[in-house]
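Results of the structural survey
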4 protein chains.
Amino acid sequence: MEYVFELTMKVRDYECDLQGIVNNANYQHYIEHTRHEFLLTRGVSFADLHARGIDAVVARLQMAFKTPLRSGDSFVSRLAVRKEGLRIVFVQDIYRFPDNKPVIRSTVDTVCVVDGRLSACAELEKLLGL
Amino acid sequence: MEYVFELTMKVRDYECDLQGIVNNANYQHYIEHTRHEFLLTRGVSFADLHARGIDAVVARLQMAFKTPLRSGDSFVSRLAVRKEGLRIVFVQDIYRFPDNKPVIRSTVDTVCVVDGRLSACAELEKLLGL
Amino acid sequence: MEYVFELTMKVRDYECDLQGIVNNANYQHYIEHTRHEFLLTRGVSFADLHARGIDAVVARLQMAFKTPLRSGDSFVSRLAVRKEGLRIVFVQDIYRFPDNKPVIRSTVDTVCVVDGRLSACAELEKLLGL
Amino acid sequence: MEYVFELTMKVRDYECDLQGIVNNANYQHYIEHTRHEFLLTRGVSFADLHARGIDAVVARLQMAFKTPLRSGDSFVSRLAVRKEGLRIVFVQDIYRFPDNKPVIRSTVDTVCVVDGRLSACAELEKLLGL
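Residues numbered from 1 in each chain as written. Chains lettered and ligands numbered in written order. Predicted model: local features only at pLDDT ≥ 70, side-chain atom pairs only at ≥ 80, totals over all residues. Heavy atoms only, no water.

**Quick notes on the interface of chain A and chain C**
Each partner contributes residues to the interface: chain A has 22 residues there, and chain C has 22 residues. Summed over both partners, the interface of chain A with chain C comes to about 2100 Å²; 49% of that surface belongs to carbon and sulfur atoms. Across the chain A-chain C interface, the total number found is zero salt bridges. Across the contact surface, chain A and chain C share 14 residue pairs in polar contact (both at pLDDT 80 or more). Residue assignment for the side of chain A that touches chain C shows that the elements contributing at least two residues are α1 (25–41), α2 (46–51) and β2 (54–65) of chain A. With 11 residues, β2 of chain A is the largest single contributor of residues to the side of chain A that touches chain C. (Contact = heavy atoms within 4.5 Å. Buried area = accessible area lost by both parts, 1.4 Å probe. Salt bridge = Lys/Arg side-chain N within 4 Å of Asp/Glu carboxyl O. Polar contact = N/O pair within 3.5 Å; in protein donor to acceptor, adjacent residues only side chain to side chain. Helix = DSSP H or I, 4+ residues; strand = E, 2+ residues; numbered from the N terminus.)

What follows is the structure, encoded as structure tokens:
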């Protein structure tokens, strides 16, 4: 798969835990923020979707942790996307900047919940060109 | 002022930062959670309030940090409350358990925003007996 | 696999995001806290391990999200553990309390890094009886 | 006082809570990150300081909340700094971008703890030109 979006960020010290490395839960934050920023480039606001009764939610997540990020590190969060049945699947990998060392590799399966019911993401798929 | 509510919690390791102590922002989390649990004892759900268009928001916060909490520490979060004009003021102090050493002392001024406008918290005040 | 540990917790409102449900990253926090509390029952402090140059780190994580938790919900976080080669694998599931509805199912593969090098977790395995 | 540093950031959706606005604790994160980035421009790494046994810690915090930030908002975090006895005092204000509406005003008193003892921040003061 080909990455279609990337976002460069920098570790914030409060994201590091007592091991002196970024706490794992923050990688979920990083990749969620990357998805939402990607959606914005396609004209989709996560908050607006919610206000209109459409919630894109994560159904399944797989993450492999390769190299921990530390205080002072910058990184690039890259994203690819494909359709799989009802699901929109995001492949989201993070690389340390500038040496491009893999930090995490992840796959995020999302589904849509419309007015409380699991549903096709027709509108989202169209905007994403899937 | 007299404390009218207390909640015992334990530090979670992800709350500690690279200094090996609880990151300061988490004390705001602790005292927010304490306020909301206190409100529940008076029949007030923060989420329900929001759903009904009433948002209790913090207008001003003062915190003095006395002793940092560390991995493994338990603590007691105590709360007092009074009315000051339009504001509901919470005095919220945290003590390490079991030696009762002061961890933080804080004062939290809250106001109500009803349908987007600053407003008296009549309902809230009544339920809190202020 | 059989659960060998469980911890009951309650959603804190700051853990909910603009969709009104617990933000996914917090489930990583919940299961990390559960692992660390489990380790403590076996005499292992995560912070002490780190201070002695031994870091147990997550190599791989899989999570399936079943039912979102909301403000006011309580939940039980259950844990099973087994050895797989160099890895210690935790099966960690969360159930809503009291209706026992599945919230997440997860598998967490951990490895040990001793003085900066990937290593067998001999001491940890012994304490965990693996 | 005159601002000597500023950092532009954007709200990340996971920072918003069930009220649909940035949860207050995140403003502490924003201003901490701003201080640490400011220190880096003066050659001071917070993580390195800690590794050398010097911990700059917050002794007192005052925050006034003016306008809440929402999903999609960008903001500028501005910083001024002065010496007051043993303390280094940071005035840290956040403005919404681009309309410059005040979001928070805060004052952060920091002290140094060297090898576990409250101490003058001589080195830090020199680097900051105080």
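Now that the structure has been shown, the text picks up again.
**Some points on the relation of the copies chain A and chain C**
Overlaying chain A on chain C yields an RMSD of 0.0 Å, the required transformation being a rotation through 180 degrees with an accompanying axial translation of 0.0 Å. Viewed as a symmetry operation, the transformation between the two copies matches a two-fold axis. Among all residues of chain A, the minimum C-alpha distance to the rotation axis is found for Q62 of chain A, at 2.2 Å. Mapped onto chain C, 100% of the interface residues of chain A are again interface residues, and the two copies thus contact each other with one and the same surface. (Least-squares fit on C-alpha atoms with pLDDT ≥ 70 in both.)

**Some remarks on the interface of chain B and chain C**
Every contact between the two is made by 17 residues of chain B and, on the other side, 17 residues of chain C. Interface of chain B and chain C: buried area, both sides summed, is about 1400 Å²; carbon and sulfur atoms make up 50% of it. On inspection of chain B and its partner chain C, the count reaches four salt bridges. Of the charged contacts in the structure, one is a salt bridge between E37 of chain B and K10 of chain C, with a shortest N-O distance of 2.9 Å. In this assembly, chain B and chain C are joined by six residue pairs in polar contact (both at pLDDT 80 or more). Mapped by element, the contributors of at least two residues to the side of chain B that touches chain C are β1 (5–10), α1 (25–41) and α2 (46–51) of chain B. The element contributing the most residues to the side of chain B that touches chain C is α1 of chain B, with seven residues. Of the residues belonging to the side of chain B that touches chain C, the class tally is seven nonpolar, four polar and six charged. (Nonpolar A, V, L, I, M, F, W, Y, C, P; charged D, E, K, R; others polar.)

**A word on the relation of the copies chain B and chain C**
If you rotate chain B by 180 degrees and push it 0.0 Å along the axis, it lands on chain C with an RMSD of 0.0 Å. Residue by residue, 100% of the interface of chain B is reproduced at the interface of chain C, so both copies engage with the same surface.

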